[in-house]
Structure formats: C-alpha cells, structure tokens
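Structural description and commentary
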Amino acid sequence: MEIQEEFISGFCRTCNGTQTVYCEYEEKDGYKILQFMDCAHDQCLHHAACEIYKEAHRIERKDRDI
C-alpha cells in the first residue's frame, strides 16, 4: 500500500475564500482511492457543489480511466 499526497486549491463557500486542501490517496492495484481530505468535507453543508471536492474525486477517476 502506497499513500500519495495531492494539494488542491479552489474556492470554498464555507470559508468564503480560496482554500488549499490536502488529500491522501491510497494506491491499490494501480488505482488511486481517496482516503482523506483535511477540510472536513463530510460535515460541510456545501460539499455537493464544492469544486475542490469534485476535483479530488476527478483525480481518483482520472487514474482509473488510464
């Protein structure tokens, strides 16, 4: 198991400003799986519309499309 780190920047509605979010992905069988985001996205009221959250999952899916 290998952990890869990514930093994603974008606008945060909760903070009403630009945020940089630290994400950890576990590499398993050649795929990246999102394990952690340091922004408490699971408790955020705006996570459904959050561009940072979407980008974090785009990175995960992009790796699977290759």
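Criteria and thresholds
- Residues numbered from 1 in each chain as written.
- Predicted model: local features only at pLDDT ≥ 70, side-chain atom pairs only at ≥ 80, totals over all residues.
- Heavy atoms only, no water.
- Phe/Tyr/Trp six-rings, centres within 6.5 Å; stacked < 30°, edge-to-face > 60°.
- Helix = DSSP H or I, 4+ residues; strand = E, 2+ residues; numbered from the N terminus.
- Buried < 20%, exposed > 50% of the residue type's maximum accessible area, 1.4 Å probe, protein only.
- Polar contact = N/O pair within 3.5 Å; in protein donor to acceptor, adjacent residues only side chain to side chain.
- pLDDT = per-residue confidence, 0-100.
- Pairing = 2+ DSSP bridges.
- Axes fitted to C-alpha atoms, helices over the stretch in contact; angles between N-to-C directions.

Quick notes on the packing of aromatic side chains
Both the distance between ring centres and the angle between the ring planes are used here to describe each pair of aromatic rings. As enumerated under the stated definition, the model contains two aromatic pairs in all. Plain terms: the ring middles of Phe-7 and Tyr-22 are 5.4 Å apart, the flat faces sit at 50° to each other, and that makes the pair tilted. Of this pair, Phe-7 sits in strand β1 (residues 2-12) while Tyr-22 sits in strand β2 (residues 17-28), and the two are 15 residues apart along the sequence.

Observations regarding the side chain of Lys-32
Among the structural elements, Lys-32 can be located in strand β3 (residues 31-37). Residue Lys-32 is classed as buried on the basis of its relative accessible area of 15%. In this structure the side chain of Lys-32 is engaged in a polar contact, spanning 3.5 Å, whose partner is the side chain of Glu-6.

What to know about the confidence of the model for the chain
The share of residues in the chain with pLDDT of 70 or more is 94%, and the mean pLDDT across the chain is 88. By mean pLDDT, the top-scoring element of the chain is β2 (94), and the lowest-scoring one is helix α1 (residues 51-65) (83).

Observations concerning the sheet that holds β1
The antiparallel open sheet is built from three strands, whose spatial order is β1-β2-β3. Of all strands in the sheet, those with a lone pairing partner are β1 and β3, marking the two edges. Averaged over all pairs of adjacent strands, the angle between strand axes in this sheet comes to 35°, irrespective of strand direction. Taken together, the six bridges between β2 and β3 define a ladder with antiparallel strand orientation. From the neighbouring strand, Cys-23 faces β3, where its bridge partner is Met-37.

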